[in-house]
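Listed below are the residues making up each chain.
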Amino acid sequence: MELEKTYHKYDVIIVGAGLAGERAALAAASSNLKTAVITKVYPTRSHSGGAQGGISAAIGNVDPEDSLEAHMWDTVKGSDFLGDQDAIELFVEEAIKTIYEYEHMGVPFSRLPNGKIAQRAFGGHTYRRACYSADKTGHVLLHTLYEQCVKHEVSFYNEFLVLSLMITDGQASGVVAWDLRNGGLHIFQTKAVLFATGGYGRAYKVTSNALSNTGDGLATVLEAGLPVEDLEFVQFHPTGYYRQGILVTEGARGEGGHLLNGEGERFMKKYAPEKMELAPRDLVSRSIWTEILEGRGIDGKDYVYIDLTHLGAEKIMERLPQIRDLAISFVGVDPIKEPIPIQPTAHYSMGGIPTNKRGEVVIDSQNTVMPGFYAAGEAACVSIHGANRLGTNSLQEASTFGRIAGNNMTEYARKTEFLPVDEEAVKRAEDKVRKLLENDGKTHHYHYKKELQETMYEKVWIFRNEKDLKEAASIVKSLEEDFMKNVKIDDKGMLFNLDLQEALEVHNLLTFSQIIIAGAINRKESRGAHYRTDFPKRDDVNWLKHTLAWRKEDGTIKFDYKPVVITKYQPTERKY
Amino acid sequence: MKKTLEVFRYNPEKDEKPYFQTYEVEVYEGMTLLDALNYIRWELDGTLTYRRSCRSAICGSCAMKINGKTYLACKTQIIRDIKSDHIKVEPLPGYEIIKDLVVDMDNFFDKLHRVKPYHITHTPPPEKERLQSPEEFHYINEAADCILCGACVSACPSAWAGKDYLGPAALLKAYKFCADSRDEGADERLAIVNDRNGVWRCHYTANCMDACPKDIKITDYIARLRNMLVQDKL
């Protein structure tokens, strides 16, 4: 079977059109570089839009005593000391610039009576520093950036799926993508590539993530022989709607919502007596899961309540209208009148493609830069979130490092020439598609996804142990082997082949999930979101370091580790 | 409990004309229409094609016609919201069909792009934020809820009749910027919407409001755009 090939040349190529990708595109396009964004969905459908509660910055509009030092310390402590402090220091400074820049672009922020941007409380933040727009903050940021990209004439390739990364003479030289709408391979030659492909929550059965969040960038990087960092750190958000796992913003607790167990008790007093519901997410999720495991879920089942009723109708309608709407739609509960049933849900990927604080991708424990390759946002691991991200730091990270990486890639592209096409990467992409279109297997790709997601939910969840993890490793490895032999797709056409797209995504999930699991087996300690019941203490002597993992050609995994950058704050006991 | 889904199918690569295909789905409390479509795709027939992403009514991918009315598939409970046991699922009307439930949205976005859908200012920004009162924010807050799903255009008789009509989504976007106390581009935008294919083509049938999955009072905002024009003329 011959697949049609189309060739393009752009100064810069960005993969992904969430906040990080669009912000980087804006940086390049406003410097008059020929800029293209490749995205699986229409840009305004990217999952940054799902973020609800806010975007952090120590602008002190509500709490004037807030400071860069306080934001930095909260982030370092929240990360359980795995965050790189040089990157965090830059992040909290640049965050302020990002907020005012967004405001100047016309983002509709909720306001204080004095006309300044409103700020609300969020877990793990000492002060009220979450700037917000009701409970649709990510949505308004995403749409505003899209509008700016339209203004600056960014070229969008909507409904294109990345298949492989081109590397020529050790430099990133482009990507190969699949045109979902018409079929066919597209070879994008470029001077600089940025991956902003989002997170990997879809490895789990219960997740707040969109169906699109299949970590395609991570798998693509692994297949190109490059490492990924800290994938074992998966954030479980405390409040997903029961069963669906769809997000109930942490802003609901920021506005004063209570968590209640089956006995009607505000159980957080046992786990975080000072911060209560506003402890960081790793701690709150473990507390909820402990209540459930010990039989104190609602009616002994696997959920608890978030209660907003005492906030009153007016505050709920003003600050949390979308949450109310979704609660009514998805669980049939009006939060003005009744508590909402919730359970923890796989939410955010702390790990990702390793970068330095300039957004340049680094490829070993010495932080060697791969020229021309950048990453930002949830797809990247810079690492400001370390072992646990604080709420509202993700929208900020995607925006700030999208801008920084975008500016640096612009500068790089200006002084670089196009490189020859990496024919090996083209072949790799072509083989992937052809194999699925031509394969006459027996098992539909969904079977593999379902098995994977259930395995990850049962064995690689909030509480982990060696036995479960090893079982999971063996199950997922055999799933991938079987997939390669027996996978089937029903749709063999060229036109809008969603079946093909999903099969490619499932293979991506299988590829990086093995690294989540192997990293979790290796890391014999508990830190942030990675909790081992067989090693319940943090171990700074042996594990104050980042995981780097490569996938070798035979599918086995190679590990290395690199030190955490510590500048201002030595690790101490983490209490809330 | 089972429900029957009668789903619009059309793959121009192989079908001469569209047809409906029937699937039986075991439904449960909490199941959404999107869950049912996913069930069909994943368990029965991988060729069924539609758009979907967030499943939480924010990405705007899955607007479609369900028993004659426009909904987001992800926000529609199959038991509570659809009383009938027989569910007819069709693509958003008024758009060209690419395949099955997937329609061509390019024209929708092109129209959006025509109204200068971005913040315009001429005065240099202050060091910090531009101030805006909570009341001024309130004027634009609801309009900013729009998820660009296309349901409003699909339901609009003026859009059916006039293919050059900008349509409710683009006009809502124009309103959002024109009504923003910080924006200085209202004149440029109002000049674009002050056209027989702009605000004057809206006949206030309010179908768009009825179709909007975010319950935005779109017709009211189009009326406010007209007021801005009339007040200017006076």
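No experiment lies behind these values; they were computed from the predicted model shown.

Some points on the overall build of chain B
Phase 1 of the analysis: Secondary structure assignment for chain B yields nine helices and seven strands.
Phase 2 of the analysis: Based on the C-alpha atoms only, the size of chain B along its principal axes is roughly 60 × 35 × 30 Å.
Phase 3 of the analysis: Sequence-distant contacts, at least 24 apart, represent 65% of the contacts inside chain B between residues at least 6 apart.
Phase 4 of the analysis: Accessible surface for chain B amounts to roughly 9,900 Å². Of this, 50% is attributable to carbon and sulfur atoms.

Let's talk about the overall build of chain A
Phase 1 of the analysis: Across its full length, chain A carries 16 helices and 22 strands.
Phase 2 of the analysis: For chain A, the C-alpha radius of gyration of 22 Å lies close to 25 Å, the compact-globule estimate for 576 residues.
Phase 3 of the analysis: C-alpha extents for chain A along the principal axes are approximately 65 × 50 × 50 Å.
Phase 4 of the analysis: Evaluated residue by residue, chain A yields a buried proportion of 70% over its 576 residues.
Phase 5 of the analysis: For chain A, long-range pairs separated by at least 24 residues make up 75% of all intrachain contacts whose partners lie at least 6 apart in sequence.
Phase 6 of the analysis: Surface accessibility of chain A: about 17,600 Å² in total, with carbon and sulfur atoms responsible for 48%.
Phase 7 of the analysis: For chain A, the separation between the mean place of its 69 positive charges and that of its 80 negative charges on side chains is 2 Å.

Observations concerning the interface of chain A and chain B
Phase 1 of the analysis: With 67 residues of chain A in contact, the opposing surface of chain B contributes 67 residues.
Phase 2 of the analysis: Buried area between chain A and chain B, summed over both chains or domains, comes out near 5,700 Å², and the portion from carbon and sulfur atoms is 50%.
Phase 3 of the analysis: Counting the surface chain A buries against chain B, the share from its top three residues, A:R45, A:H104 and A:L211, is 13%.
Phase 4 of the analysis: Put simply, B:K75 and A:D325 hold a salt bridge, and the shortest N to O gap is 2.8 Å.
Phase 5 of the analysis: Top contributing element to the side of chain A that touches chain B by residue count: helix α4 (residues 137–151) of chain A, with eight residues.
Phase 6 of the analysis: Split into classes, the residues belonging to the side of chain A that touches chain B amount to 23 nonpolar, 26 polar and 18 charged.

Quick word on the environment of A:H152
Residue and element names in this part refer to chain A.
Phase 1 of the analysis: Note on placement: H152 falls in the loop between α4 and β6 (155–158).
Phase 2 of the analysis: For H152, a relative accessible area of 29% translates into the label partly exposed.
Phase 3 of the analysis: Residues H152 and N367 lie 215 residues apart in sequence; the distance between their C-alpha atoms is 34 Å.

A word on the domain arrangement of chain A
Residue and element names in this part refer to chain A.
Phase 1 of the analysis: Domains assigned within chain A are domain 1 (5–56 + 79–107 + 131–234 + 348–420), domain 2 (239–345) and domain 3 (424–546 + 555–563).
Phase 2 of the analysis: Between domain 2 and domain 3, the C-alpha centre-to-centre distance is 30 Å.
Phase 3 of the analysis: Contacts between domain 2 and domain 3 engage ten residues on the former and seven residues on the latter.
Phase 4 of the analysis: Between domain 2 and domain 3 the total buried area reaches about 660 Å² when both faces are included, carbon and sulfur atoms providing 72% of it.
Phase 5 of the analysis: It is D282, R286 and W289 in domain 2 that bury the most area against domain 3; as a group they hold 68% of the surface buried on that side.
Phase 6 of the analysis: Taken together, the links from domain 2 to domain 3 amount to one residue pair in polar contact (both at pLDDT 80 or more).
Phase 7 of the analysis: Secondary-structure elements contributing two or more residues to the side of domain 2 that touches domain 3 are α8 (281–293) and β14 (340–349).
Phase 8 of the analysis: With six residues, the single largest contributor to the side of domain 2 that touches domain 3 is α8.
Phase 9 of the analysis: Its residues assigned to classes, the side of domain 2 that touches domain 3 comprises three nonpolar, four polar and three charged.

Brief notes about empty space enclosed by the protein
Where empty space is left becomes clear once a probe the size of a water molecule has been rolled over the atoms.
Phase 1 of the analysis: Under the counting rule described, the total for this entry stands at ten cavities of 30 Å³ or more.
Phase 2 of the analysis: Within this model, the second largest cavity holds a volume of roughly 140 Å³.

Here's the deal with the sheet that holds strand β12 (residues 258–260) of chain A
All names here are of chain A.
Phase 1 of the analysis: Spatially, the four strands line up as an open sheet ordered β11-β14-β13-β12, and their pairing is antiparallel. Strands at the two margins of the open sheet, each flanked by one partner only, are β11 (234–241) and β12. Averaged over all adjacent pairs, the angle separating strand axes in this sheet is 45°, with direction ignored.
Phase 2 of the analysis: Here three bridges tie β12 to strand β13 (residues 304–307), and the two strands are oriented antiparallel to one another. Following the sheet pairing, L259 is matched in β13 by I306.

Details of the nonpolar core
Phase 1 of the analysis: Counting residues in each nonpolar core, the largest one holds 243 residues, and the members touching the most others are A:F195, B:L5 and B:L33.
Phase 2 of the analysis: Setting aside residues up to four positions removed in sequence, B:L33 forms contacts with B:L5, B:M64, B:I66, B:A73, B:T76, B:I78, B:I82, B:I87 and B:V89.
Phase 3 of the analysis: Within the second largest apolar cluster, eight residues are counted, among which are A:L82, A:M350, A:A529 and A:L544.

Describing the pattern of salt bridges
Residue and element names in this part refer to chain A.
Phase 1 of the analysis: Following the criterion strictly, the structure yields 72 salt bridges over all chains and no others.
Phase 2 of the analysis: E232 is the partner of R523 in a salt bridge, and the nearest nitrogen-oxygen pair spans 2.8 Å. Here E232 lies in the loop between β10 (228–229) and β11 and R523 lies in the loop between α15 (498–522) and α16 (540–543), a separation of 291 residues in the sequence. Residue R523 shares its accessibility class with E232, and that shared class is buried.
Phase 3 of the analysis: If you follow the salt bridges from partner to partner, you end up with D80, E232, D282, R286, R523, E525, R527, R538, D540 and R574 in one network.

A few points about the pairing of strand β9 (residues 185–195) of chain A
All names here are of chain A.
Phase 1 of the analysis: Burial runs high along β9: eleven of the eleven residues are buried.
Phase 2 of the analysis: Inspection of the sheet shows strand β8 (residues 171–179) paired to β9 by five bridges, in the antiparallel sense. Considered in β9, the bridge of V175 is made with F188.
Phase 3 of the analysis: Between β8 and β9, which pair antiparallel and follow one another directly, the connecting turn spans five residues, one of which, G183, has a positive phi of 80°.

Notes on the domain arrangement of chain B
All names here are of chain B.
Phase 1 of the analysis: According to the domain assignment, chain B consists of domain 1 (2–103) and domain 2 (106–233).
Phase 2 of the analysis: A separation of 29 Å is found between the C-alpha centroids of domain 1 and domain 2.
Phase 3 of the analysis: With twelve residues of domain 1 in contact, the opposing surface of domain 2 contributes twelve residues.
Phase 4 of the analysis: Counting the surface lost from both domain 1 and domain 2, the interface buries some 940 Å², and carbon and sulfur atoms represent 52% of this.

Some thoughts on the sheet that holds β10(A)
Residues and elements named next belong to chain A.
Phase 1 of the analysis: Across the sheet, three strands lie side by side as β10-β21-β22; this open sheet has antiparallel pairing. Unpaired on one side and paired on the other, β10 and β22 (557–563) mark the two borders of the sheet.
Phase 2 of the analysis: Relative to strand β21 (residues 545–551), β10 is paired through two bridges, and the arrangement is antiparallel. Looking at β21, one finds that V228 is bridged to A549.
Phase 3 of the analysis: Docked against the sheet, α15 engages β10, β21 and β22, running at close to 60° with respect to β22.

Describing the pairing of strand β1 (residues 2–9) of chain B
For a regular strand, side chains alternate in direction, first toward one face of the sheet and then toward the other.
Residues and elements named next belong to chain B.
Phase 1 of the analysis: Counting buried residues in β1 gives seven out of eight residues, a clear majority hidden from the surface.
Phase 2 of the analysis: With eight bridges connecting them, β1 and strand β2 (residues 19–26) associate as antiparallel partners. Paired with R9 across the bridge in β2 is Y19.
Phase 3 of the analysis: The pairing of β1 with strand β5 (residues 86–90) spans four bridges and is parallel. Paired with L5 across the two strands is I87, which belongs to β5.

Topic: helix α2 (residues 106–114) of chain B
Note: α-helices contain 3.6 residues per turn, so residues at a spacing of three or four share the same orientation.
Phase 1 of the analysis: Inspection of α2(B) places B:F108, B:F109, B:K111 and B:L112 among the buried residues, and these make up the whole buried set. On an axial view of α2(B), the arc spanned by its buried residues comes to 155°, and they lie on one face.
Phase 2 of the analysis: Taken together, the buried residues of α2(B) touch α4 of chain A together with α4 (151–155) and α6 (168–178) of chain B.
Phase 3 of the analysis: Positive backbone phi, approximately 50°, marks B:K116, located one or two places after α2(B).

Parameters at a glance
- Note that residues are indexed from 1 along each chain, following the sequence as it is written.
- Chains and ligands are labelled sequentially in the order written, the chains with letters from A and the ligands with numbers from 1.
- Only residues with pLDDT of 70 or above have their local features reported here, since the model is predicted, and side-chain atom pairs are shown and tallied only from 80 upward, although totals for entire chains, interfaces and linings are computed over all residues.
- Hydrogens are left out, water is left out, and the side-chain values use all remaining heavy atoms of the structure.
- Helix and strand assignments come from DSSP, with helices taken as H or I runs of at least 4 residues and strands as E runs of at least 2, each series counted from the N terminus.
- In this analysis, two residues are considered to be in contact whenever any of their non-hydrogen atoms come within 4.5 Å of each other.
- Reported accessibility uses the Shrake-Rupley method at a 1.4 Å probe radius. Residues are deemed covered only where the shown protein chains occlude them.
- The atom set for the radius of gyration is the C-alpha atoms, and the globule formula is 2.2 Å times the number of residues raised to the power 0.38.
- Burial classification: accessible surface area is computed with a 1.4 Å probe over protein chains only, and a residue below 20% of its type maximum counts as buried, one above 50% as exposed, and the rest as partly exposed.
- Counted as positive: Lys and Arg. Counted as negative: Asp and Glu. His and the chain ends are not counted at all.
- By convention, the charge on Lys lies at NZ, on Arg at CZ, on Asp at CG and on Glu at CD.
- Put simply, buried area is how much 1.4 Å-probe accessible surface two parts lose in total, over both of them, once they are put together.
- By convention in these notes, a salt bridge is any Lys or Arg side-chain nitrogen within 4 Å of a carboxyl oxygen on Asp or Glu.
- In the scheme used here, Gly and all other residues not listed as nonpolar or charged are polar, with Ala, Val, Leu, Ile, Met, Phe, Trp, Tyr, Cys and Pro taken as nonpolar and Asp, Glu, Lys and Arg as charged.
- For the domains described, the bounds stem from an automatic or database domain assignment.
- For this analysis, a polar contact is any N or O atom pair within 3.5 Å, provided that within protein one partner can donate a hydrogen and the other can accept it, and provided that sequence-adjacent residues contribute only side-chain to side-chain pairs.
- As defined here, a cavity is a set of points on a 1 Å grid over the protein atoms alone where a 1.4 Å probe fits but cannot get out. A pocket is an open set with protein on both sides within 12 Å along at least five of seven lines, and residues line them when an atom is within 4 Å of a point.
- Grid points are joined across faces, edges and corners, and a volume is the space filled by probe spheres set on the points.
- Any two strands with at least two DSSP-identified bridges between them are counted as paired.
- For helices, the fitted line uses only the C-alpha atoms of the stretch in contact; every axis is such a line through C-alpha atoms, and the angle between N-to-C directions lies from 0 to 180 degrees.
- By nonpolar core we mean a set of buried residues, namely Ala, Val, Leu, Ile, Met, Phe, Trp, Tyr and Cys, connected to one another through side-chain atoms within 4.5 Å.
- The arc in question is the one spanned by the directions pointing from the helix axis to the C-beta atoms.

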